[in-house]
Amino acid sequence: MPTDDLPETFHVTTDEQLRAVSNLTRHRIMAVLRFEPATITQIAERVGLAKGSSSYHVRLLERAGLVKVVRTRKVRGVTERYYAMAARAIMLPERGEGEPDVLMRHAVADLEAAPVDGERHVRMAHLRLTEEQFAELGARLQALADEYRALSDPSLPDASLVFALFHPARRGQAEGDAK
């Protein structure tokens, strides 16, 4: 299924959908399906799961509307289903006060699981910016991510880009919360 046929954005709005995307295994399955459709067997191989576990997680994603069957074919009398993302991007609801940031937790888990000897670029910078500079930097980071997403080629190895630009909690506020 060409990505031209996909809706631009899928908005996560229900508890079922939020539970589906909050699971790290399902997050990794969606990453496999981001560029091209795959069968349960292909997904299992790429994510490192047993076929039964892969099937279970894909069914939950399908029930939540996050992935869908885009093609079928008969193989030795069995119907093989190819799954793809339901949209190019998944939009999560704003997290509430004190709730975990699901996206960042998945990103950190993926980073920690990445091969130690592989090339990677991880930096943290503490900045002091005006609100205008803050907004401009956020827009530039988003534009850069969009530019490279457009260059993505499914035949090339996976690479993940994660960025977080935020105002941290004030020192007194963070220390008070820790007590």
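Above: the structure in question.
Bear in mind that the values here come from a model prediction, so they are computed numbers and not experimental data.

### A few points about the overall build of the chain
Line of reasoning, step 1. When you go through the chain residue by residue, the secondary structure sums to 7 helices and 4 strands.
Line of reasoning, step 2. Along the chain direction, N to C, the helices and strands of the chain fall in the order β-α-α-α-α-β-β-β-α-α-α.
Line of reasoning, step 3. By principal-axis analysis of the C-alpha atoms, the chain measures approximately 65 × 35 × 35 Å.
Line of reasoning, step 4. Within the chain, residue pairs in contact and separated by at least 24 positions form 61% of the contacts whose partners lie at least 6 positions apart.
Line of reasoning, step 5. Just so you have it, the chain exposes about 13400 Å², and 51% of that area is on carbon and sulfur atoms.
Line of reasoning, step 6. Within the chain, the 26 negative side-chain charges are centred at a point lying 7 Å from the centre of the 25 positive side-chain charges.

### So, the side chain of glutamine 17
Line of reasoning, step 1. Structurally, glutamine 17 can be placed in helix H1 (residues 15-22).
Line of reasoning, step 2. Setting aside its immediate chain neighbours within four residues, glutamine 17 contacts Phe10, His11, Val12, Ala64 and Leu66.

### Some details on unusual backbone geometry
Line of reasoning, step 1. The phi dihedral of arginine 76 is positive, around 50°, even though this residue is not glycine.
Line of reasoning, step 2. In this structure, arginine 76 sits in the loop between strand E2 (67-75) and strand E3 (78-85).
Line of reasoning, step 3. Judged by relative accessible area, arginine 76 falls into the exposed class, the value being 82%.

### Regarding the packing of aromatic side chains
By convention here, two paired aromatic rings are described through the distance between centres and the angle between planes.
Line of reasoning, step 1. Per the stated rule, a full pass over the model turns up 0 aromatic pairs.
Line of reasoning, step 2. Between the NZ or CZ atom of arginine 71 and the centre of the ring of tyrosine 82, over which it lies, the distance is 4.2 Å.

### Remarks on the pairing of E2
Line of reasoning, step 1. As paired strands, E2 and E3 are joined by 8 bridges and run antiparallel to one another. The partner of lysine 74 across the bridge, within E3, is threonine 79.
Line of reasoning, step 2. Hairpin connection, E2 to E3: the antiparallel pair is bridged by 2 residues, and arginine 76 has positive phi, about 50°.

### Here's the deal with a nonpolar patch on the surface
Line of reasoning, step 1. Taken together, the side chains of Leu144, Tyr148 and Leu151 present a nonpolar region at the surface, about 330 Å² in accessible area.
Line of reasoning, step 2. Considering the arrangement of structural elements, one finds tyrosine 148 in helix H6 (residues 131-151).

Conventions we followed
- Residues numbered from 1 in each chain as written.
- Predicted model: local features only at pLDDT ≥ 70, side-chain atom pairs only at ≥ 80, totals over all residues.
- Heavy atoms only, no water.
- Helix = DSSP H or I, 4+ residues; strand = E, 2+ residues; numbered from the N terminus.
- Contact = heavy atoms within 4.5 Å.
- Areas by Shrake-Rupley, 256 points an atom, 1.4 Å probe, with all protein chains shown as cover.
- Lys, Arg positive; Asp, Glu negative; His and termini not counted.
- Charge placed at Lys NZ, Arg CZ, Asp CG, Glu CD.
- Buried < 20%, exposed > 50% of the residue type's maximum accessible area, 1.4 Å probe, protein only.
- Phe/Tyr/Trp six-rings, centres within 6.5 Å; stacked < 30°, edge-to-face > 60°.
- Lys NZ or Arg CZ within 6 Å of the ring centre and 35° of its normal.
- Pairing = 2+ DSSP bridges.
- Patch = residues over 30% accessible without salt bridge, like charges linked within 9 Å, V, L, I, M, F, W, Y side chains within 5 Å.
- Salt bridge = Lys/Arg side-chain N within 4 Å of Asp/Glu carboxyl O.

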